Amino acid sequence: MREYKLVYLNKGFSSSREKDIEKAERLINEMADQGWILQQVATPDDGVGAMVGVFYKERKL
């Protein structure tokens with residue numbers, strides 16, 4: 001069974017897309033260090049909204 005977690009990858013407002021990507025990379029790596037596996041990054045169509053990371057962990061029954 002899988003446990004899922006959704007995480008905002010670029011919480012808050014930054015002045016550049018590069019800073020948003022750096023913040024997202026840092027959060028993805030932190031989640032991976034905790035044992036979470038990145039399944040998908042959902043980005044908004046308008047380029048202004050939040051990026052969301054979909055993570056999962058395998059859980060034993």
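Use the structure listed above.
One structure accompanies this document, and this report is about it.

Conventions we followed
Residues numbered from 1 in each chain as written. Predicted model: local features only at pLDDT ≥ 70, side-chain atom pairs only at ≥ 80, totals over all residues. Heavy atoms only, no water. Pairing = 2+ DSSP bridges. Helix = DSSP H or I, 4+ residues; strand = E, 2+ residues; numbered from the N terminus. Axes fitted to C-alpha atoms, helices over the stretch in contact; angles between N-to-C directions. Contact = heavy atoms within 4.5 Å. Core = buried A, V, L, I, M, F, W, Y, C linked by side-chain atoms within 4.5 Å. Buried < 20%, exposed > 50% of the residue type's maximum accessible area, 1.4 Å probe, protein only.

**Re the pairing of strand E3 (residues 52–58)**
Moving residue by residue along a regular strand, the side chains alternate between the two faces of the sheet. Looking at chain direction, strand E1 (residues 2–8) and E3 are connected through seven bridges and run antiparallel. The residue bridging Arg 2 from the neighbouring strand is Glu 58, located in E3. Pairing of strand E2 (residues 37–42) with E3 involves five bridges; the strand directions are antiparallel. When the sheet's bridge partners are listed, Gln 40 is paired in E3 with Val 54.

**Some points on the sheet that holds E2**
The strand order across the open sheet formed by three strands is E1-E3-E2, and the pairing between neighbours is antiparallel. If you trace the sheet from one side to the other, it starts and ends with E1 and E2, each paired once. Neighbour-to-neighbour, the strand axes of the sheet open up by a mean angle of 25 degrees, direction not taken into account. In the packing of helix H1 (residues 17–33) onto the sheet, the strands contacted are E1, E2 and E3, and the crossing angle to E1 comes to about 155 degrees.

**With respect to the nonpolar core**
Formed by Val 7, Leu 9, Ala 24, Met 31, Trp 36, Met 51 and Phe 55, the largest nonpolar core amounts to seven residues. Not counting chain neighbours up to four residues away, the residues in contact with Val 7 comprise Met 31, Met 51, Val 52, Gly 53 and Phe 55.

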